[in-house]
Amino acid sequence: MLSHEQPSSVTFNQQSDTYAWFSQRAWVEIDLSALSYNVKQILRILSPRTQLMAVVKADAYGHGAVTVAQTVLESGASWLGVATVPEGIQLREARIQAPILILGATHTVEQIHAIAQWKLQPTLTNPKQALVFSDTLAAINHNTPLPVHIKLDTGMSRLGTNWQEATEFVQLVHRLPSLAIASVYSHLATADSPDPTIMQQQQQRFEQAIAQIRSIGIEPPCLHLANSAATLADKALHYDIVRAGLAVYGLYPAEHLRSRIDLRPVLQVKARITQVKTIAPGTGVSYGHQFIAPHELRLAVVGIGYADGVPRNLSNKMQVILRGQQVQQIGTITMDQLMLDVSAIPDVQEGEVVTLLGTEGKEQISAEDWANQLNTISWEILCGFKHRLPRVAMG
Ligand SMILES: *Cc1c(COP(=O)(O)O)cnc(C)c1O
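Residues numbered from 1 in each chain as written. Predicted model: local features only at pLDDT ≥ 70, side-chain atom pairs only at ≥ 80, totals over all residues. Heavy atoms only, no water.

Trainee: Please provide a residue-by-residue account of the overall build of the chain, values included.
Mentor: In terms of helices and strands, the chain carries 11 helices and 21 strands. Once the C-alpha set of the chain is aligned to its principal axes, its extents read approximately 80 × 45 × 40 Å. Long-range pairs, those at least 24 residues apart, make up 68% of the contacts in the chain with a sequence separation of at least 6. In the chain, 30 side chains carry a positive charge and 33 a negative one; their mean positions are 3 Å apart. (Helix = DSSP H or I, 4+ residues; strand = E, 2+ residues; numbered from the N terminus. Contact = heavy atoms within 4.5 Å. Lys, Arg positive; Asp, Glu negative; His and termini not counted. Charge placed at Lys NZ, Arg CZ, Asp CG, Glu CD.)

Written out as C-alpha cells, the structure reads:
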C-alpha cells in the first residue's frame, strides 16, 4: 500500500497520455480477475441453453466499457448490452465482434444509419419506430434484414409496446422485409424485491404475450426478461438470455439475493495524500467550517473530490481506509480534495494511498455502504465516477 510507488498495471480511459505520477492523485482500479470470476459464477447458475448478456452501458457502470467487454467475452458472456448508439460504436471501434443490443430507444435517420453500418442491434419499442427503420433501411438499399429486438412493456411502464398489443406489433415487424426479429423481451420493475408478486405478474403477462405471438404462427427465436436480480432470484426467469449488469461488477442487487452466488466487487477507488499537517483545537476545516477540530489533530489532505464522483453529501460522514485502518473524513468535501482526521496514524506521509471504496486488509468499504448512507442505490454510486479518474486494470 505504500507511498510513492506506481500501481503496477495498465492505465486506460485517461484523457491524455501524459499521465505521470503526480497526476495520479486519484484513480479507479478495475480487478479483471474479479470480473472474470463473476461472469463464471453467473454462468454456473444458468442452464446450458441460456446465454449471458453483459450489460456494459454507461461505460460499463463506470468500469470502462472496452476493457470490461473484452474481459467478459473472454470469460464466457456472449452478448453485450449498451444504452446508446455511441456506446455501441465505441465497442465496435475497439474491434469487438460480439452481438451488441442497444437497450435504449433509437429513432433518427443518423442513428439507424450508424446501427446498420456498425452492425448494432436496436430495440424496437413501437410500430411507428419499426416503420421508420424499415423506410430508412430501404432508402439506403440495406441488403440483409437488420436483426431487431421487440420490447414489450409488461409493467415497468418504460420502453415498449403494451403486452396486450404484442401480436399486432410483432406481426407488423415480421412483415417488414428489411427487419428480422432477433428476440422478444421485457424488463422487470421489482426483481430486487423480496416480494415476488409484481415480478410474477410481469412474467405471466410476458408468457401470455408470447403465447399469442405463437398463436399467429410466429416463433420468436429468442426470449429474455431477467436483469441481475431476476437472474439470481429465479431460474424460471432466465429464458434464452439473461441481461446482467450489476452482478457482473460484483455487487448484489439486494441483500436477500446475497446467498445465491459468490461475487467479488470489481471496482476500487483510490487516491493519494497530498499534504499532512497538525491543526490546533478550535480550527475550522474546509468550506463553511462545517468541522471544527475538538482537539489538536493530525489532518491529511487527499487529492479526490466531488468532481471525481465522491458525493459531497458524504461530507463528515464517510470513512476511508488508510494502512488497513478506517479513518474519518472531516469537513466539507470539495471539488478536487477532501480532508481526513489521521490522528490515529500521525506519521502518515504525503504520497501514501488511501482506499475510498474497496478492500485493504480486514477493512472493506463498498458502493452499497455509500448507497445506504446516501439513501440511493449502488448502481448510481458506480456510475458516478468521472472520466478524469484514470481506470487502471489490475490482474
Ligand atoms: C440496465 C439494464 C439491465 C441490467 O440491469 P442490472 O440490474 O444492472 O443487472 C438489464 N436490462 C435492461 C433493459 C437494462 O436497461
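Trainee: How would you sum up the site of the ligand? Please name residues and give values.
Mentor: Residues in contact with the ligand amount to 13 residues; listed here are only the nearest, Lys57, Tyr61, Ser228, Arg243 and Gly245. With respect to the ligand, the side chain of Lys57 contributes an N or O atom lying 2.6 Å from an oxygen atom. In the environment of the ligand, a nitrogen atom lies 3.5 Å from a nitrogen or oxygen atom belonging to the side chain of His187. For the ligand, the protein covers 92% of the area, taking 390 Å² as the surface of the free molecule. Considered class by class, the residues forming the shell around the ligand number 6 nonpolar, 4 polar and 3 charged. (Near = heavy atom within 4 Å. Polar contact = N/O pair within 3.5 Å; in protein donor to acceptor, adjacent residues only side chain to side chain. Areas by Shrake-Rupley, 256 points an atom, 1.4 Å probe, with all protein chains shown as cover. Nonpolar A, V, L, I, M, F, W, Y, C, P; charged D, E, K, R; others polar.)

Trainee: Tell me what's going on with the packing of aromatic side chains, and back it up with residues and numbers.
Mentor: Scanning the model with the defined rule gives 3 aromatic pairs in all. Ring geometry for Phe206 and Tyr239: centres 5.4 Å apart, planes at 85°, overall edge-to-face. Remark: Tyr239 occurs in the loop between α9 (228-233) and β11 (241-244) and Phe206 occurs in helix α8 (residues 197-215); sequence separation between them is 33 residues. Residue classification places Phe206 among the buried positions, given a relative accessible area of 0%. Summarising the aromatic geometry, the rings of Trp370 and Phe385 are spaced 6.0 Å apart at their centres and angled 50° between planes, so their arrangement reads as tilted. Of this pair, Trp370 sits in helix α10 (residues 367-374) while Phe385 is found in the loop between α11 (378-383) and β21 (391-394), placing the two residues 15 residues apart along the sequence. There is no split in this pair, since Trp370 and Phe385 are both buried. The positively charged end of Arg264 is found above the aromatic ring belonging to Tyr37, 3.6 Å away from the centroid. (Phe/Tyr/Trp six-rings, centres within 6.5 Å; stacked < 30°, edge-to-face > 60°. Buried < 20%, exposed > 50% of the residue type's maximum accessible area, 1.4 Å probe, protein only. Lys NZ or Arg CZ within 6 Å of the ring centre and 35° of its normal.)

Trainee: Could you give me a rundown of the environment of Thr355, with the residues and numbers involved?
Mentor: Looking at the element boundaries, Thr355 is found in strand β19 (residues 353-360). Its relative accessible area of 0% is what places Thr355 among the buried residues. Thr355 sits 149 residues away from Phe206 along the chain, and the two C-alpha atoms are 44 Å apart. Other than its neighbours up to four places away in sequence, Thr355 contacts Gln268, Val269, Lys270, Val320, Ile321 and Glu360. A polar atom in the side chain of Thr355 sits 2.8 Å from the side chain of Glu360.

Trainee: Please provide a residue-by-residue account of the pattern of salt bridges, values included.
Mentor: Using the criterion set out here, one finds 10 salt bridges in the structure. A salt bridge links Glu219 to Arg214; the shortest N-O distance between them is 3.0 Å. Its relative accessible area of 40% is what places Arg214 among the partly exposed residues. Connected via shared salt-bridge partners are Arg25, Asp308, Asp336 and Arg388. (Salt bridge = Lys/Arg side-chain N within 4 Å of Asp/Glu carboxyl O.)

Trainee: Summarise the domain arrangement of the chain; cite the residues concerned and give the values.
Mentor: What the domain assignment lists for the chain is domain 1 (32-251) and domain 2 (267-365). Spacing between the C-alpha centres of domain 1 and domain 2 amounts to 42 Å. (Domains from an automatic or database assignment.)

Trainee: Hey, could you go over helix α7 (residues 166-175) for me, with residue numbers and the actual values?
Mentor: Here α7 has its buried residues at Ala166, Thr167, Phe169, Val170 and Val173. The buried residues of α7 occupy one face: seen down the axis, they fall within an arc of 165°. The exposed residues of α7 that point more than 90 degrees off its buried face are Glu168 and Arg175. (Arc of directions from axis to C-beta.)

Trainee: Could you give me a rundown of the nonpolar core, with the residues and numbers involved?
Mentor: Side chains that are nonpolar tend, in soluble globular proteins, to be buried together. Residues Leu80, Leu179, Ile304, Leu356 and Trp370 are the most contacted members of the largest nonpolar core, which totals 121 residues. Two domains each donate at least three residues to this core, and these are domain 1 (32-251) and domain 2 (267-365). If we skip the residues at most four places from it in the chain, Trp370 touches Gly309, Val310, Pro311, Leu314, Met318, Leu356, Leu357, Ile365, Ile381 and Phe385. In terms of nonpolar packing, the next biggest core, distinct from the first, is built from 9 residues, Phe291, Leu297, Leu299 and Val301 among them. (Core = buried A, V, L, I, M, F, W, Y, C linked by side-chain atoms within 4.5 Å.)

Trainee: Please set out the side chain of Lys151 residue by residue, giving values where relevant.
Mentor: Along the chain, the position of Lys151 falls in strand β7 (residues 146-153). The contacts of Lys151, once residues within four sequence positions are left out, are Thr123, Leu124, Thr125, Leu159, Gly160, Thr161, Phe169, Tyr185, Ser186 and His187.

Trainee: Give a detailed account of the environment of Gln200, specifying residues and quantitative values.
Mentor: Residue placement: Gln200 occurs in helix α8. Residues Gln200 and Thr190, spaced 10 residues apart in sequence, show a C-alpha to C-alpha distance of 9.7 Å.

Trainee: Pulling in residues and values, what's your account of helix α5 (residues 109-117)?
Mentor: Among the residues making up α5, those that are buried are Ile112, Ala114, Ile115 and Ala116. Where α5 is buried, its residues contact α4 (85-93), β5 (100-102), α6 (127-139) and β7. Lys119, located one to two residues past α5, shows a positive phi value of around 55°.

Trainee: How would you explain the packing of α6 against α7 if you had to name every residue and give the values?
Mentor: Two packed helices can be described by the angle between their axes and the distance between those axes. Closest axis-to-axis distance for the α6/α7 pair is 10 Å, and the angle between their directions is 5°. By the angle between their directions, the pair α6 and α7 is classed as roughly parallel. Here α6 contributes Pro127, Ala130 and Leu131 to the contact with α7, which in turn contributes Phe169, Leu172 and Val173. For the contact of α6 with α7, the class distribution of residues is 6 nonpolar, no polar and no charged. (Axes fitted to C-alpha atoms, helices over the stretch in contact; angles between N-to-C directions. Parallel < 35°, antiparallel > 145°, perpendicular 65-115°, else oblique.)

Trainee: Break down unusual backbone geometry for me, citing the residues and quoting the values.
Mentor: For Ala58, which is not a glycine, the phi torsion comes out positive at approximately 50°. Of the residues examined, Ala58 reaches a relative accessible area of 36% and is grouped as partly exposed. One non-glycine residue, Arg323, adopts positive backbone phi at about 50°. Note that Arg323 resides in the loop between β16 (319-322) and β17 (325-330).

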